[in-house]
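Now for the letters of each chain:
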Amino acid sequence: MNNKKLNLTLKIWRQPGPNSAGSFVEYKVSVSPDASFLEMLDELNNELESKNLEPIAFESDCREGICGTCGIVINGHPHGPIPRIATCQLHMRNFKDGDTIWVEPFRARAFPVIKDLIVDRSALDRIMEAGGFISVNTGSAPDGNAIPIPKDIASEAMDAATCIGCGACVAACKNASAMLFVSAKISHLALLPQGQPERYIRVQTMVKKMDELGFGACSNTYACEAECPKGISILNIARMNRDYLVAKLKTEEVE
Amino acid sequence: MTLDSKVPAGPLKDKWENHKFNMKLVSPANKRKYDIIIVGTGLAGASAAASLGELGYNVKVFTYHDSARRAHSIAAQGGINAAKNYQNDGDSVYRLFYDTIKGGDFRSREANVYRLAEVSGNIIDQCVAQGVPFAREYGGMLDNRSFGGALVSRTFYAKGQTGQQLLLGAYSAMNRQIKLGKVKLYARREMVDLVVIDGIARGIIVRNLVTGEFEKYSAHAVILATGGYSNVFFLSTNAMNCNATAIWRAHKRGAAFANPCFTQIHPTCIPLHGEVQSKLTLMSESLRNDGRIWVSKIKGDMRHPNDIPEEERDYFLERKYPTYGNLSPRDISSRAAKEVVDEGRGAQGQEAVYLDFRDAINRLGRKVIEERYGNLFEMYKTITGEDPYEVPMKIYPAPHYTMGGLWVDYNLMSTIPGLFVAGEANFSDHGANRLGASALMQGLADGYFILPYTIGNYLATEKPSLINIDHPEFDKFKKEIEDFTHKLLSVKGKRTVDSIHKQLGRIMWNKVGMARSEQGLKEAINEIRELREEFWKNVNVVGSANDLNQCLERAGRVADYLELGELMAIDALHRNESCGAHFRVEYQTEEGEALRNDEEYAYVAAWEFKEIGKWELHKEPLVFETVQLATRSYK
């Protein structure tokens, strides 16, 4: 454990509301290297509150890297400079005394800013509602072992299903594309036997919704994969594209 | 207030089956005439929304998150129990039932627990059908592992992310109903009051967290599935936004609060690192399948753990509880850890013990350990900066799950007709301690397989009418919450909301935590009262009510904790016995084990709210027809 504090300059994006202009505001902080990035913001907010100033609005919940609630662009990287972690797991020991850190919200056309560092990511839920499920009613399922699934297939599906829906892939992409998110969701179900009946309808409805909501196209820069806190593979995008093509070749048309 | 548990008559194994037959049904054509409100989109809320939507009801579901997929169920790591006996190791519905009753130290209702075990198998089938990628054996069959408090392998898991995968399953089932128009989702809404008119739950008031507006919603029945309240301790394993507000405000409107002092302290969390720490991180209990827990035999041993030779290590769980060893139940493991730390044998002088994988890595190889626990090891390393493959983890108990909650009958209905409570928000299935992998099981059992039946029975028998939100009573409730909010904003004192919350947390942890004494509890009650007074004189809530205001959100929650904390202490003080997670130092055996008093305390303590700081106790005696009350032994 290191007790020497780090002195840092923070340039944080402040924006009172969706229709107001935003700007970077500078703050000086002194923080323990063992604190997490969000704990540093907590402390700063406590200071602001005790001076009767409005705290910086940011979102976080589980602080264990799994809920996908948090997500800030730190020095140009969604979730900060360390790969494979969410913002809540970024610790100050990764910064140096005297550093200046730029902090801003995820930026994408489909993610409007609500306040300060909080953006509206509900578009991702709209895509899921369009078809990200298997249609099975409660109580009508066969025995779990009646559907044997090879271990490697289960693992592959699990890898895709690991996506936490934080939206970093969208924020990382120069086209603000949601392809990594959507393809992970599609792959998870497309890999499993249970997902087969709706496989080709699903890919069409979800892709259609994604386009409607203003997400851009994929141009293979791989920024999404590089910034994904869960290491979701772009192989999923290839899988989705293949399924989409097959779906188009089939006669079924989606409403 | 009368507590009628409505447990059906007849043999234990037939109760639910008979009850299902005896309950009244709503005809398919009439289901669409009924509106149901669900608050919370965790395992219990999302699964209930999906199932009730499928049946044909109009469901309105609320979450304070931006997305329904973020509920704290998502963070559960280890697994979900089910009595499938796929491993051929002697599991059965009865054994799961018995383990759970015993694990809860005989402070839960037999009939509820049996039903939980009975539907557990269906949960797995349901989730598999939804595409939950459970771990598989090479032959394609489902894999299982063991959890604390059990000697069979009945825990189904998806890496260390079981909660996430189960929640995504329930969320996807709910999404299907959203698409079909049967479920309407209201995100970024926090329930701030329950509307009770003529003694019946008629709807809720929520705060739109973006606009600050208070919105009114009515329904024929209301379900609260809002999780637990261990953030009353400030530092806990719960997510930052978990809170007691929905159940607490319902309690103040007439719902009895049962066994509030039964809070589980989870034995395997990453220890506290400093003053600014915001929460504690849990390391899955499944680690105890292969990790060995120990401390040095020598007090004040500051040596690096790798320098402490074998003969100077005390594997205290294996020593004290040879049968269950490192897989002893959570309350027992937690207390044992506290004991060795109190003796001055904490890891390198800290409030921590070692969780060591050295032997497992030697036995199985690093690759197997990586496969089993890789993501947990990574998480530990990210947070602490130490590599658990090289150095033993340090762990310590932390507040985790709350077994107490709103009192419900067998139908999961509270003491307010029309108000149902599911999952961690109710008190019903875990008694004084919760075994591992049983929280996910209860959440999904309530949502998928119990509420869809019991809600129908309520609607068919009571035929409640719908009250329009323009009704003056709705406006009265709305006005009250507006006044309350105004009051919070107008204190304009000197202290931040967090500083008061932290102070409350310290009182709770020191005096209403792992070990409680009469004196400590009495002190705690006074200190909480004083702190509550200070809050209302000296808190500073910055910002306005007409905007996204996280300071205001936290202030409302802390105001509730300042009342709930007192009730937890009162409940712990009145229960003159030790049981499960509730350990009163005055009541212990010579070996330091919990000493239960079945003669006087084999009941559920249900508290009726009278006014702030004043409650009336009602008792629901616990009747054990099938199991015999026995001293818990894990030796």
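One can find the structure itself at the top, above this paragraph.
Everything numeric in this text was worked out from a predicted model, so none of it was measured.

Caption draft 1: Looking closely at the environment of Ser153 of chain B. Residues and elements named next belong to chain B. As for its placement among the helices and strands, Ser153 is situated in the loop between α5 (110-130) and β4 (155-156). For the pair Ser153 and Gly169, spaced 16 residues apart in the sequence, the C-alpha separation amounts to 23 Å. If sequence neighbours within four positions are ignored, Ser153 has contacts with Gln87, Asp89, Asn144, Arg145 and Ser146.

Caption draft 2: Geometry of the sheet that holds strand β2 (residues 58-62) of chain B. All names here are of chain B. Strand order across the open sheet formed by five strands is β5-β2-β1-β9-β17, with parallel pairing between neighbours. Two strands bound the open sheet, and with one partner strand each, they are β5 (183-186) and β17 (419-421). Across the sheet, the mean angle from the axis of one strand to that of its neighbour is 20 degrees, orientation sign disregarded. Where strand β9 (residues 221-224) meets β17, three bridges bridge the pair, whose relative direction is parallel. Bridging from a neighbouring strand, Ile223 pairs with Phe420 of β17. Along the sheet face, helix α3 (residues 43-55) touches β1 (35-39), β2, β5 and β9 and points at about 165 degrees away from the line of β1.

Caption draft 3: Up close: the sheet that holds strand β2 (residues 23-31) of chain A. Residue and element names in this part refer to chain A. Pairing within the open sheet is mixed, and its five strands lie in the order β2-β1-β5-β3-β4. For this open sheet the edge positions go to β2 and β4 (77-78), each flanked by a neighbour on one side alone. Sheet analysis places strand β1 (residues 6-14) next to strand β5 (residues 100-104), joined by four bridges and oriented parallel. Opposite Ile12, over in β5, you have Val103 as the bridge partner. Its contacts with the sheet place helix α1 (residues 37-50) against β1, β2, β3 (73-74) and β5, and it is angled at close to 80 degrees to β1.

Caption draft 4: Region of the structure containing the interface of chain B and chain A. Taken residue by residue, the interface counts 76 residues in chain B and 77 residues in chain A. Interface area, chain B with chain A, both sides summed: about 6,300 Å², of which 50% is carbon and sulfur. Linking chain B with chain A are eight salt bridges. Lys115 of chain A is paired through a salt bridge with Asp547 of chain B; the nearest N and O atoms lie 2.8 Å apart. Between the two partners, chain B and chain A, sit 48 residue pairs in polar contact (both at pLDDT 80 or more). For the side of chain B that touches chain A, the elements supplying multiple residues, two or more each, are α3, α5, α6 (162-180), α11 (366-384), α12 (439-462), α14 (497-511) and α16 (550-574) of chain B. When residues of the side of chain B that touches chain A are assigned to their parent elements, the largest contribution, nine residues, is made by α6 of chain B. Its residues assigned to classes, the side of chain B that touches chain A shows 30 nonpolar, 28 polar and 18 charged.

Caption draft 5: Broad picture of the packing of aromatic side chains. Residues and elements named next belong to chain B. This model, assessed by the stated rule, comprises 31 aromatic pairs over all chains. When the ring of Phe97 is compared with that of Tyr114, the centres are 5.3 Å apart and the planes differ by 65 degrees; the resulting orientation is edge-to-face. With a gap of 17 residues between them, Phe97 in helix α4 (residues 93-103) and Tyr114 in helix α5 connect regions that are remote in the sequence. A ring pair is formed by Phe377 and Tyr389, whose centres lie 4.6 Å apart and whose planes are at 50 degrees; its orientation type is tilted. Here Tyr389 lies in the loop between α11 and β15 (393-402) and Phe377 lies in helix α11, a separation of 12 residues in the sequence. The residues Phe377 and Tyr389 share a single accessibility class, namely buried. Within the aromatic cluster, the residues linked to one another by ring pairs are Tyr229, Trp248, Phe257, Phe609 and Trp615. Cation over ring: Arg292 sits above Tyr315, and NZ or CZ is 3.8 Å from the ring centre.

Calculation criteria
- Residues numbered from 1 in each chain as written.
- Chains lettered and ligands numbered in written order.
- Predicted model: local features only at pLDDT ≥ 70, side-chain atom pairs only at ≥ 80, totals over all residues.
- Heavy atoms only, no water.
- Helix = DSSP H or I, 4+ residues; strand = E, 2+ residues; numbered from the N terminus.
- Contact = heavy atoms within 4.5 Å.
- Pairing = 2+ DSSP bridges.
- Axes fitted to C-alpha atoms, helices over the stretch in contact; angles between N-to-C directions.
- Buried area = accessible area lost by both parts, 1.4 Å probe.
- Salt bridge = Lys/Arg side-chain N within 4 Å of Asp/Glu carboxyl O.
- Polar contact = N/O pair within 3.5 Å; in protein donor to acceptor, adjacent residues only side chain to side chain.
- Nonpolar A, V, L, I, M, F, W, Y, C, P; charged D, E, K, R; others polar.
- Phe/Tyr/Trp six-rings, centres within 6.5 Å; stacked < 30°, edge-to-face > 60°.
- Buried < 20%, exposed > 50% of the residue type's maximum accessible area, 1.4 Å probe, protein only.
- Lys NZ or Arg CZ within 6 Å of the ring centre and 35° of its normal.

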